[in-house]
Amino acid sequence: MTMPDGQDRQGYEVGYDETGNVQIVEGRPREASQEVVKATALDGGCTAGAATMEAAAREAGKSDILDQFAQDYPQGPHDQPQSMCPAFGSLRVGLRMKRVATVLSGSACCVYGLTFVSHFYGARRSVGYVPFNSETLVTGKLFEDIRDSVHEMADPAKYDAIVVTNLCVPTASGVPLRLLPSEINGVRIVGIDVPGFGVPTHAEAKDVLAGAMLNYARQEIAAGPVQAPVGGKSDRPTVAMLGEMFPADPMMIGAMLAPLGLAAGPTVPTREWRELYAALDCGAVAAIHPFYTASIREFEAAGRQIIGSAPVGYHGTAAWLKSIGEAFNVPAAQVGGALNAFLPAVKGALEGARIDGTITLSGYEGSELLVARLLIESGAQVPYVGTACPKTPWSADDAAWLEGKGVKVKFRASLEDDLAAVDAIKPNLAIGTTPVVQHAKERAIPALYFTNLISARPLMGPAGAGSLAQVVNAAIGGAEKMSKMKAFFEGVGRDDTAGVWEGSPNLRPDFRAQHQKKLDKAARAAKAAQMI
């Protein structure tokens, strides 16, 4: 643009003061970085593939985040999540918190899917979205739009915090959420990256946000006094709990802690910001869900001891209460009194709700090992347990107990692992994710969806001991009905020929061959990349 003084200055708008005369030293962009980012933004976006996205993110300056993800959430046999988008986990955590706004930065199709699923699961809250196109993504205008958005939203009368989440494409393009102000008008700004090529499951994405919030809260505590919990500070030492649980479980845990002179602290992820302070003020942390690695790191930085497993079943309840007693130096006689108060009730509940049958169990919630323990103590045979979550030091006791019972425990289990277990074992009941349930029912094997029908029940102490028998026994009892349904629908086709056809299905083998060539080419390229 030619200015009134006759000089040609590129990149300026028409100015009204002397700021336009400032000399600008224009740097030279790193060609490799620009090319990778542009390729990601323009040539397929989030469909570019995990390897391409990760390479772009590292070139764009996200190596430290990806390295931390690799340490916290080691990858499994598959290069991308096999469940829903991981960002749903962190989005769910933010939407369930009072006075916390959530903003997504990602491809429109991803944001649509995430908001749809969040409202399907009952989130009656708006989800913010900062749209972008290839130009705003590559030039950095997207970051400016995000910054403007949080400034506009930061109303302390409405919010305690605003969570901004980068999805795959903004992460791969290096959108620097760390440059956002840490607070605006007293409203905390928390920026996180949750790419599908770095965070394997939506369960672990919950930890990404929970860990970031705990880190922020820990720095606030170090800086000076903070708000007390709404219900006031407990007069007894507390045990904070890690992992989303059925609402009755924290109350049951609190009842079992009372004879020890202890109280149940907040459950992380919390429901409001000030609960984070109370959680960090605990005496010890119960890692009910043992994969919350980032959150555990923050608790350990605050000097808190981490206790694995949970009070599930007779043996689990006994071992867990003893571990809690040791952590708080509770006298042995007092621990014994708590055991005598609750173990008979747990044993009675288990004996009154027996399960007879062989069950395969798989899921991605993180509580699969606990559920398997409860099923086995209820009388079921459970030869296989698959969890999409990784093995951690805090899941070791549960894994050892199950393996001692002859159970094959598979961490970072793939869908293929779970399906192979169903086919090989042919159980009386398959508990798993949606595709596992579908696979089992196609074979006339009764099946239950883990998330809605199993994890949505109490598991802890006496209340959890008999909670699974009714739904599990009812499902096993439906085997004859499944066989009748399979026979009724026999011959109607499957996969791309599913349905009732008046004539022969139009199979188009030429399309199949063309698609197979693309798959073979992609496989050769992936193998070549591994050799490099």
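Residues numbered from 1 in each chain as written. Predicted model: local features only at pLDDT ≥ 70, side-chain atom pairs only at ≥ 80, totals over all residues. Heavy atoms only, no water.

Novice: Whenever I open this one, the overall build of the protein chain confuses me. Can you help?
Specialist: Scanning the protein chain from terminus to terminus reveals 23 helices and 14 strands. When the accessible surface of the protein chain is split by element, carbon and sulfur atoms take 54% of a total near 25800 Å². (Helix = DSSP H or I, 4+ residues; strand = E, 2+ residues; numbered from the N terminus. Areas by Shrake-Rupley, 256 points an atom, 1.4 Å probe, with all protein chains shown as cover.)

Novice: In this structure, what is going on with a nonpolar patch on the surface? I would like to understand it.
Specialist: A surface patch of nonpolar side chains, amounting to about 500 Å² of accessible area, comprises Tyr112, Phe116, Phe120 and Tyr121. Position of Tyr112 relative to the elements: it lies in helix H5 (residues 108–120). Residue Tyr112 is classed as exposed on the basis of its relative accessible area of 57%. (Patch = residues over 30% accessible without salt bridge, like charges linked within 9 Å, V, L, I, M, F, W, Y side chains within 5 Å. Salt bridge = Lys/Arg side-chain N within 4 Å of Asp/Glu carboxyl O. Buried < 20%, exposed > 50% of the residue type's maximum accessible area, 1.4 Å probe, protein only.)

Novice: In this structure, what is going on with the pairing of strand S10 (residues 358–363)? I would like to understand it.
Specialist: Looking along a regular strand, one sees the side chains alternate between the two faces of the sheet. With 5 of 6 residues buried, S10 is to be regarded as a mostly interior element. Pairing between S10 and strand S11 (residues 381–387): 5 bridges, direction parallel. Within S11, the position partnered with Thr360 by the bridge is Tyr384. Note that the unit made of S10, helix H15 (residues 368–377) and S11 has a crossover that is right-handed. Strand direction decides the pairing type here: S10 and strand S13 (residues 429–432), joined by 3 bridges, are parallel. Across the sheet, residue Ile359 finds its bridge partner in S13, namely Leu429. (Pairing = 2+ DSSP bridges. Right-handed = clockwise from strand over helix to strand, strands pointing away.)

Novice: Is there a simple way to think about the environment of Ala264 in this case?
Specialist: Note that Ala264 resides in strand S7 (residues 263–268). According to the relative accessible area criterion, Ala264 is partly exposed, its value standing at 30%. In this structure Ala264 touches Val239, Met241, Pro250, Gly254 and Leu257, once residues within four positions along its chain are discounted. (Contact = heavy atoms within 4.5 Å.)

Novice: Please clarify how the nonpolar core should be interpreted in this entry.
Specialist: One recurring pattern in soluble globular proteins: nonpolar side chains tend to sit buried together. Ranked by size, the top nonpolar core spans 75 residues in total, and within it Ile162 and Phe299 carry the most contacts. Counting residues per element, this core draws most heavily on helix H9 (residues 202–223), at 9 residues. Setting aside chain neighbours within four positions, we find Phe299 in contact with Leu214, Ala240, Leu242, Val268, Ala279, Leu280, Cys282, Val285, Arg304 and Ile306. (Core = buried A, V, L, I, M, F, W, Y, C linked by side-chain atoms within 4.5 Å.)

Novice: Would you take a moment to explain the sheet that holds S7 for this structure?
Specialist: To summarise the sheet geometry, strands pair through backbone hydrogen bonds and adopt either a parallel or an antiparallel arrangement. Read from one edge of the open sheet, 4 strands run S7-S6-S8-S9, paired in parallel fashion. Taken across any chain shown, the strands that pair with only one partner, and hence form the sheet edges, are S7 and strand S9 (305–307). With direction set aside, neighbouring strand axes in the sheet form an average angle of 30°. Two strands pair when backbone bridges link them, and strand S6 (residues 238–242) and S7 are joined in this way by 4 bridges, in the parallel orientation. Within the sheet, the bridge partner assigned to Thr238 lies in S7 and is Ala263. Relative to S6, helix H12 (residues 293–301) is tilted by about 155°, and along the sheet it contacts S6, S7, strand S8 (284–286) and S9. (Axes fitted to C-alpha atoms, helices over the stretch in contact; angles between N-to-C directions.)

Novice: Whenever I open this one, unusual backbone geometry confuses me. Can you help?
Specialist: Glycine aside, residues mostly have negative phi, and peptide bonds are mostly found in the trans state. In the segment running from Val268 into Pro269, the intervening peptide bond is cis, with an omega of 5°. Within the element layout of this structure, Pro269 appears in the loop between S7 and helix H11 (274–280). Phi angles above zero are rare outside glycine, and Asn185 is one such case at about 55°. Positive phi, normally seen in glycine, also occurs at Ser309, with a value near 65°. If you trace the backbone, Ser309 turns up in the loop between S9 and helix H13 (313–327).

Novice: Where do I start with the pattern of salt bridges in this structure?
Specialist: Where charged atoms from two side chains of opposite charge come close, those side chains can pair. On inspection of all chains with the given rule, the structure shows 18 salt bridges. Between Arg443 and Glu442 there is a salt bridge, with its nearest N and O atoms 3.6 Å apart. Judged by relative accessible area, which is 33%, Arg443 ranks as partly exposed. Taking relative accessible area as the criterion, Glu442 reaches 34% and is therefore assigned partly exposed. Shared partners join several salt bridges into a network, and the residues in it are Arg92, Arg96, Lys206 and Glu244.

Novice: Got a minute to help me understand the pairing of strand S3 (residues 161–166) in this structure?
Specialist: Of all 6 residues in S3, 6 are buried, a share of seventy percent or more. Residues of S3 alternate between two faces, with Ala161, Val163 and Thr165 on one and Ile162, Val164 and Asn166 on the opposite face, all of them buried. Direction of pairing for strand S1 (residues 100–105) relative to S3: parallel, over a ladder of 6 bridges. From the neighbouring strand, Leu104 faces S3, where its bridge partner is Thr165. Pairing geometry for S3 and strand S5 (residues 187–193), over 6 bridges, is parallel. Looking at the pairing, Thr165 lines up with Ile192 of S5.

Novice: Would you mind going over the environment of Gln227 with me for this structure?
Specialist: Of note, Gln227 is situated in the loop between H9 and S6. Expressed as a C-alpha distance, the spacing of Gln227 and Glu275, which sit 48 residues apart in the sequence, is 9.1 Å. Not counting residues up to four positions away in its chain, the partners in contact with Gln227 are Arg274 and Tyr277.

Novice: Sorry if this is basic, but what is going on with the packing of aromatic side chains here?
Specialist: For any pair of aromatic rings, geometry is given as the distance between the ring centres together with the angle between the planes. Scanning the model with the defined rule gives 4 aromatic pairs in all. Pairing Phe69 with Tyr73 gives two aromatic rings, centres 6.0 Å apart and planes at 40°, and the pair type is tilted. On the basis of relative accessible area, Phe69 is assigned to the buried category, the value being 7%. Aromatic side chains Tyr216 and Trp273 sit 5.6 Å apart centroid to centroid with 90° between the ring planes, which places their arrangement in the edge-to-face category. (Phe/Tyr/Trp six-rings, centres within 6.5 Å; stacked < 30°, edge-to-face > 60°.)

Bear in mind that shape data such as this cannot, by itself, settle questions of function.
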